[in-house]
Amino acid sequence: MPIYAYRCEACGFAKDVLQKISDPQLTVCLSCGKETFKKQLTAAGFQLKGSGWYVTDFRGGTPPATGTATGPAAPAPSETPAAAPAAPASGTKSD
């Protein structure tokens, strides 16, 4: 069940109330008894986590992998230069 924040416009009394979604909205202030008790608009009290939801999506962080390459393509194996044969070291000692 969600928790709703209420505040009286007449006396300023505020209270959080645990209610079902189907329950009627409260209108009578619990403190002064006037019908000026209004439901307040509040931020959601949960955060989505887990696979399929990225917290950093809208914060400028590292974007999630999309399966497509975005950087320069790596050369194909046939395009890589062949390794040059090792040259004999000069000044080698012969027996």
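Remember, predicted model here, so these are calculated numbers, not experimental data. (Residues numbered from 1 in each chain as written. Predicted model: local features only at pLDDT ≥ 70, side-chain atom pairs only at ≥ 80, totals over all residues. Heavy atoms only, no water.)

**Notes on the overall build of the protein chain**
In terms of helices and strands, the protein chain carries 0 helices and 3 strands. Secondary structure of the protein chain in N-to-C order comes out as β-β-β. Classification of the 95 residues of the protein chain by burial places 7% in the buried group. For the protein chain, long-range pairs separated by at least 24 residues make up 28% of all intrachain contacts whose partners lie at least 6 apart in sequence. Summing over all exposed atoms, the protein chain offers an accessible surface of approximately 8,400 Å²; the carbon and sulfur share of this is 56%. (Helix = DSSP H or I, 4+ residues; strand = E, 2+ residues; numbered from the N terminus. Buried < 20%, exposed > 50% of the residue type's maximum accessible area, 1.4 Å probe, protein only. Contact = heavy atoms within 4.5 Å. Areas by Shrake-Rupley, 256 points an atom, 1.4 Å probe, with all protein chains shown as cover.)

**Quick notes on the pairing of strand E1 (residues 3-8)**
Bridge analysis of E1 against strand E2 (residues 14-18) gives 5 bridges, and the strand direction is antiparallel. Within E2, the position partnered with isoleucine 3 by the bridge is leucine 18. A loop of 5 residues connects E1 with E2, the two strands running antiparallel in sequence, and glycine 12 in this loop sits at a positive phi of about 85°. (Pairing = 2+ DSSP bridges.)

**A look at a nonpolar patch on the surface**
A surface patch of nonpolar side chains, amounting to about 360 Å² of accessible area, comprises Met1, Ile3 and Leu18. Of note, methionine 1 is situated in the segment before E1. (Patch = residues over 30% accessible without salt bridge, like charges linked within 9 Å, V, L, I, M, F, W, Y side chains within 5 Å. Salt bridge = Lys/Arg side-chain N within 4 Å of Asp/Glu carboxyl O.)

**A few points about the packing of aromatic side chains**
Applying the stated criterion across every chain yields a total of 2 aromatic pairs. Considering the side-chain rings of tyrosine 6 and phenylalanine 37, the 5.3 Å spacing of their centres and the 15° angle between planes classify their relative orientation as stacked. Taken together, the residues span a long stretch of sequence, with tyrosine 6 in strand E1 and phenylalanine 37 in strand E3 (residues 37-39) at a distance of 31 residues. When its relative accessible area of 2% is taken as the criterion, phenylalanine 37 is described as buried. (Phe/Tyr/Trp six-rings, centres within 6.5 Å; stacked < 30°, edge-to-face > 60°.)

**Digging into the side chain of glutamine 19**
Structurally, glutamine 19 can be placed in the loop between E2 and E3. There is a polar contact of 2.8 Å between the side chain of glutamine 19 and the side chain of tyrosine 6. Residues within four places of glutamine 19 in sequence aside, it is in contact with Met1, Pro2, Tyr4, Tyr6, Pro24 and Leu26. (Polar contact = N/O pair within 3.5 Å; in protein donor to acceptor, adjacent residues only side chain to side chain.)

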